[in-house]
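A structural walkthrough
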Amino acid sequence: MKVFLPLNVRVDNKKILFVGGGKIALHKIQTIEKYTRNITIVSPEIIDELKGKGFTEIYKTYEPSDLDGAFLVYASTNIEEVNRQVRDDAEARGIIVNVVDNRELSDFISPAIIKKGEMTVAVSSNGQNVKKSVAWRNRLREMIDEEWPETNPSFFSETMTDTNQAELAPRKGYVYIAGAGPGDPELITLKAERALREADVILFDDLVLPQMLEPYKAEKIYTGKRKDAHHFAQDEINQEIVRHALLGKTVVRLKGGDPFIFGRGGEEIETLRQHGIDYEIIPGITAAHGASAYSEIPLTMRKVSSSVAFCTGHPVSKIQVPDTDTIVYYMVASNVHDVLDKVAASGRSGETMVAVVQNATRYNQRVFTGTLDEFRKRERAVYSPALLIIGQNINQYIEQTWYSRKKKVLMTGGDVKKYDPAAWITVHFPCRQVAGADLDAVKRCMGKIDDFSMLFFQNRFAATYFFKYLFEHGKDVRHLAHMTICTSSRTAAAELLEYGIIPDCCLESEGSTTISGLLGKEGLTGQNILLPGAENVDEVVSAELKAAGNSVTPLTVYVYGAQDKGDAIDLDFIDEIYFASPACVRKFRELYGEIPARVTITSADKQTAAELRCHFGG
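Nothing here was measured: the structure is a model prediction, and the numbers come from that model. (Residues numbered from 1 in each chain as written. Predicted model: local features only at pLDDT ≥ 70, side-chain atom pairs only at ≥ 80, totals over all residues. Heavy atoms only, no water.)

Here R87 is to be found in helix α2 (residues 80–93). Looking at R87, the relative accessible area reads 15%, which means it is buried. Setting aside anything within four residues of it in sequence, one finds R87 in contact with V97, V99 and L105. (Helix = DSSP H or I, 4+ residues; strand = E, 2+ residues; numbered from the N terminus. Buried < 20%, exposed > 50% of the residue type's maximum accessible area, 1.4 Å probe, protein only. Contact = heavy atoms within 4.5 Å.)

Structure representation (structure tokens):
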């Protein structure tokens, strides 16, 4: 087993030689140039990022004489034979060498470094786990930036003497207990959105729509709380929040509605107090407010209702009937009649108005109204989530509310701006992209990643899940330095920026130009292309890549997620469906079988329209 001794080595006035002038060398040089600029690069070609920076640039193929006078050598080409030759030549001359990304051939390795003034922190895994080294380095950098500011130069002398065990304990994380609102994704607050962007972990309830979480990078944990069907018990949720916070993570506990109105937020902060974990509460629009606004039933109104109470509809033995003009009962799905019997028994008139609002603020919101006596005689099933409103203010209700007048469009992707929000409610297709790779194929591809000359990403999901598996296999972006990286969409290009990668080309097709035509213009032919994507390969794209004279290896890195029964879109509420791609057409067919005749169908392009005709005729 190779063992590397951590040392600080003096490098001023010492020649540092790099054999190779591409992206592999760039990554190392960006670290070393902070300490010395006495760097010599030997390579037939040198990328623009390394030119004109004061380094010695020698444009030639490697020869042993290039090692003359070198103190340290980096073999950083993408040709294994050359790297091995550099290593052998250096060893013969007694010069220590680093063969980039090859621990076994290296005499030294470069740690992940933080440099702050005169202080340097280096993190190394003995060359065995680069990802972990970088993660530790980044975590330490955050701690240094937050707790050891440059504005306090005496910090170290004041705090590092007589250091006790408590001072060295890991820094605890921070928890947000946040409300997501009653259902409409646009009702979440700006502060909750900020917390979600900052989060490392999001624990979310059954009443939080999954598409609300798609923009955020955090780990997402479904707690599945709904009456009589809890994925996590409340105590388990409390402990899960604590567990992540004690690891130093920023945690968002995201709840439907408001966390302090029948949301059990009080129990969660009690647990956080016991563990000394800092937190804050972000209120949300509670279901009663959402139902009131979206059904046009005012909870208070001059001369009609000057008082309102919020109550829970279960357990039945504890149902209360306060003496207020308006009462709103939460969680009444399975016991509406039990609540109404309690209300009648309290002495309320049988002519008292009653409304049940089902799926408040969502595309499939429904409102049922009548008198107390009428409702008690009905046999109508009401499914969660539902609210029961009691009071004469319900007389203000009209069937054609501002919300019910809007049409509903089911979007399977694409730009929602195609539909005017004043006239349309946008419903997102619940066929979500989730990790679900062909793990054997992933392992094979990661093992021979050097064999591929080009990576092609069609969408952001392909990029997200490809890098997930790349990191899990102990590799990072340096292992892609030899590859040309292309995308066929701006969203994929934007996702790559999250990993510090600017694609070499974005082949977004416009007009009649095909991908093969665009590849030809870029001179990208004869490539060995790795094509990460979903389980159903886009045969059209694959064919076009091959038509440009390339070989293509599809790699499944995600699948379209299985759909829970409760997630299914109720097509009875949908007026139009917009299909963004052929893959979405196939998945819709798999899930729903057919499209109701009254629904208008719109497709994004000719390929999608052809797929629609194939599956649904017309």
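Another point: unusual backbone geometry. Residue P315 is reached from H314 by a cis peptide bond, and omega for that bond is -5 degrees. Residue R264 is not a glycine yet carries a positive backbone phi of 60 degrees. Tracing the sequence through the fold places R264 in the loop between β11 (250–255) and α7 (265–274). For R264, a relative accessible area of 38% translates into the label partly exposed. The backbone of N359 shows a phi angle near 55 degrees, a positive value even though the residue is not glycine. Of note, N359 is situated in the loop between β15 (353–358) and β16 (366–371). Owing to a relative accessible area of 9%, N359 belongs among the buried residues under this scheme.

Attention now goes to the environment of N238. Tracing the backbone through its elements, the reader meets N238 in helix α6 (residues 234–246). Overall, the relative accessible area of 6% leaves N238 in the buried class. When the C-alpha positions of N238 and G265 are compared, they lie 9.9 Å apart, and in sequence the two are 27 residues distant. Not counting the four nearest positions on each side in its chain, N238 is found in contact with E267, E268 and T271.

Moving on, we get to the state of the cysteines. What makes a disulfide is a covalent bond joining the sulfur atoms belonging to two cysteines. Evaluation of the coordinates by the stated rule reveals 1 disulfide. The disulfide that involves C486 links it to C505, with 2.4 Å between the sulfurs. In this structure, the disulfide formed by C486 and C505 twists by about 60 degrees around the S-S bond and is classed as right-handed. Note that C486 is positioned in strand β22 (residues 484–487) and C505 in strand β23 (residues 505–506), a separation of 19 residues in sequence. Relative accessible area serves as the criterion here: at 7%, C505 is assigned to the buried category. (Disulfide = S-S within 2.5 Å.)

This paragraph deals with the packing of helix α16 (residues 582–592) against helix α17 (residues 606–616). As a packed pair, α16 and α17 sit with axes 8 Å apart at the nearest point and diverge in direction by 20 degrees. Relative to α17, the element α16 is oriented roughly parallel. Every pair of crossing elements has a handedness; the one defined by α16 and α17 is right-handed. In this structure, α16 uses P582, V585, R586, F588 and R589 to contact α17, whose residues at the interface are Q607, T608, E611, L612, H615 and F616. (Axes fitted to C-alpha atoms, helices over the stretch in contact; angles between N-to-C directions. Parallel < 35°, antiparallel > 145°, perpendicular 65-115°, else oblique. Left-handed = near helix turned anticlockwise from the far one by under 90°.)

Coordinates in, geometry out; function isn't part of it.
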